[in-house]
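# Fold and geometry: a report
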Amino acid sequence: MSATLPALRRELDIMPSPVPGQPGLFIRDPFRYADAMIVIPPVLVQGLGHFDGTKTELDLHAFFTRLTGGDVRVGETVRHLIDTLRKSGFLDSPEFHEMRDRKHKEFSEAEQRAPAHAGSGYPDQAELLRSQLSRYGADPEPAHQGENSLTAITAPHVSPEGGYQSYAAAYRRLNADYADKTFVILGTSHYGAPERFGLTRKPYVTPFGALSTNVEIVDQLARQAPDAVEMEDYCHSSEHSIEFQCIFLQHVLGRHDIKVAPILCGPFAESLTNGTAPEKNEKVRRFFDALSELDAKLGNRLVWVLGIDLAHIGRRYGDDFAAKAGQGRLLETRRLDEARLKRVCAADAEGFFELVKPNRDALRWCGYSPLYTFLAAVPAIKGNVLRYEQWNIDDQSVVSFAGMEFHRTG
């Protein structure tokens, strides 16, 4: 009897090939259990549906035999496809489980959170990085004695090259006056568990040096809402939404020994499925309460930083049309984005959710959970959009984002 094929892992990044002259599907592992990145040619893409955990190798062989009109080389093609996916860690197989367990163990035992995107998302040398961020206009505004009333900023988490104007608009609101604060960084957890919050005690390392994690805050949150927390969440090891904020913080404050409390916010999938506010989930509510208590206790000793993007439109994200920033359908996207941002700036969490929940968030705001978490934790604030942008992440897909600031109203 032919063996059942392992299922293709659901959490893989799968998108149209970005390689000119090499059509097909580009596949990579966002968790970096393996470093492989491959392009599956169009003819082989048709066979990927057989990797669903129910089909056999014989089924796949028969499919390609029919597809090729009985090509005698089909057996070699089938074996090569299976071996490539298996060795790359893209199948739910023993090979993948071994990769995953090894990586989790390595992260758990590591003393620091190593930079995952230095050398790819930004320069891996301090001087080159400093020069680049200065060119982006991210240098701080002059410090004004006693003027440090800023409560929060939001910045993108797209690559700094693509979102630098919104990054700069937000981070220019900080300066050396804020260097003694603890920065509570709420980042999107793109692959985290729904209704969960990923914490780590590890210092975040960048080319500028290591940021110190405020372990007291991390431990307090874990004690008060243990069922909502993933402690030493492996997602921290590869997630970029917090890492990019760290380099900007170090740059604008002019020092590396900054205290942070890094929190990855998993998707509020339940709220979009059921149409009920996130805090209706008891575990989520307890985490919100813990954050509110933290803010009430420490108040002006904290600055909140949100690493978020907004809408995701176009072929990369499942739409059947090519999206162009600022054109065609993206004009309506801007109108809808701005309506949501207006509710956020008014600290209207309920109104914000009412705009997000139809069609399980048709705009695909990956910043929904960090934004809602912030509004739940610090309700007495007023926001201001400093810059709004749309950016073609490829020639058929658009991401929107904004730089914002918030101040307390009470």
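Residues numbered from 1 in each chain as written. Predicted model: local features only at pLDDT ≥ 70, side-chain atom pairs only at ≥ 80, totals over all residues. Heavy atoms only, no water.

### Some thoughts on the overall build of the protein
Regarding its fold elements, the protein presents 13 helices and 14 strands. The globule rule puts the C-alpha radius of gyration for 410 residues at 22 Å, and the 23 Å found for the protein is close to it. C-alpha extents for the protein along the principal axes are approximately 80 × 50 × 45 Å. By residue count, 50% of the 410 residues in the protein fall in the buried class. Look at the contacts in the protein between residues 6 or more apart in sequence, and 74% of them connect residues 24 or more apart. Accessible area of the protein: about 18,300 Å², with a carbon and sulfur share of 49%. Looking at the protein, you have 47 positive and 55 negative side-chain charges, and the mean spots of the two groups are 2 Å apart. (Helix = DSSP H or I, 4+ residues; strand = E, 2+ residues; numbered from the N terminus. Rg over C-alpha atoms; globule rule 2.2 N^0.38 Å. Buried < 20%, exposed > 50% of the residue type's maximum accessible area, 1.4 Å probe, protein only. Contact = heavy atoms within 4.5 Å. Areas by Shrake-Rupley, 256 points an atom, 1.4 Å probe, with all protein chains shown as cover. Lys, Arg positive; Asp, Glu negative; His and termini not counted. Charge placed at Lys NZ, Arg CZ, Asp CG, Glu CD.)

### Re helix H10 (residues 282–298)
The terminal C-alpha atoms of H10, which comprises 17 residues, lie 24 Å apart, in line with the 24 Å expected from a rise of 1.5 Å per residue. Every buried residue of H10 is listed here: Val284, Phe287, Phe288, Ala290, Leu291, Leu294, Asp295 and Leu298. Projected down its long axis, H10 shows its buried positions confined to an angular sector of 155°, all on one face. In H10, the exposed residues that point more than 90 degrees away from the buried face are Ala296 and Lys297. The N-capping residue of H10, defined by a side-chain oxygen 2.9 Å from the backbone nitrogen of Lys283, is Asn281. Looking one or two residues beyond H10, the residue adopting positive phi is Gly299, at roughly 50°. (Expected span 1.5 Å × (residues − 1). Arc of directions from axis to C-beta. Polar contact = N/O pair within 3.5 Å; in protein donor to acceptor, adjacent residues only side chain to side chain.)

### Some words on the pairing of strand E10 (residues 259–265)
Summarising burial for E10: six of the seven residues are buried, a large majority. Pairing geometry for strand E5 (residues 182–188) and E10, over seven bridges, is parallel. Residue pairing in the sheet places Phe183 in a bridge with Val260 of E10. With three bridges joining them, strand E6 (residues 197–199) and E10 adopt antiparallel strand pairing. The residue of E10 that forms the bridge with Gly198 is Leu264. Sheet topology note: the strand E8 (residues 209–213)/E10 ladder contains two bridges and is parallel. Bridge pairing in E10 links Thr213 to Val260. (Pairing = 2+ DSSP bridges.)

### Brief notes about the packing of aromatic side chains
Under the defined criterion, the tally for this structure stands at 23 aromatic pairs. Judged by centre distance (5.4 Å) and plane angle (10°), the ring pair of Phe31 and Tyr33 falls under stacked. Taken together through their ring pairs, the aromatic side chains of Phe197, Phe268, Phe287, Phe288, Phe352, Phe353, Trp365, Tyr368 and Tyr372 make up a single cluster. Between the NZ or CZ atom of Lys202 and the centre of the ring of Phe107, over which it lies, the distance is 5.1 Å. It is Arg329 that lies over the ring of Phe321; its NZ or CZ is 4.0 Å from the centre. (Phe/Tyr/Trp six-rings, centres within 6.5 Å; stacked < 30°, edge-to-face > 60°. Lys NZ or Arg CZ within 6 Å of the ring centre and 35° of its normal.)

### Notes on the pattern of salt bridges
Using the criterion set out here, one finds 28 salt bridges in the structure. We note a salt bridge from Arg255 to Asp257, for which the minimum N-O separation is 3.1 Å. Between Arg286 and Glu282 there is a salt bridge; the shortest N-O distance is 3.2 Å. Of this pair, Arg286 and Glu282 both sit in helix H10, four residues apart, roughly one helical turn. (Salt bridge = Lys/Arg side-chain N within 4 Å of Asp/Glu carboxyl O.)

### Brief notes about the sheet that holds strand E2 (residues 25–28)
The three strands are arranged E1-E2-E3 in an open sheet whose pairing can be described as antiparallel. Looking at which strands have only one partner, the edges of the open sheet turn out to be strand E1 (13–16) and strand E3 (37–40). With strand direction ignored, the average angle separating the axes of adjacent strands in the sheet is 25°. As defined by bridge partners, E2 adjoins E3 across four bridges and the pair is classed as antiparallel. Across the sheet, residue Phe26 finds its bridge partner in E3, namely Val39. (Axes fitted to C-alpha atoms, helices over the stretch in contact; angles between N-to-C directions.)

### Considering the environment of Pro42
Its place among the elements puts Pro42 in helix H1 (residues 42–45). A residue is classified by how much of its surface remains accessible, and Pro42, at 41% relative accessible area, is partly exposed. For the pair Pro42 and Gln396, spaced 354 residues apart in sequence, the C-alpha separation works out to 18 Å. If sequence neighbours within four positions are ignored, Pro42 has contacts with Pro23 and Gly24.

Structural measurements only, silent on function.
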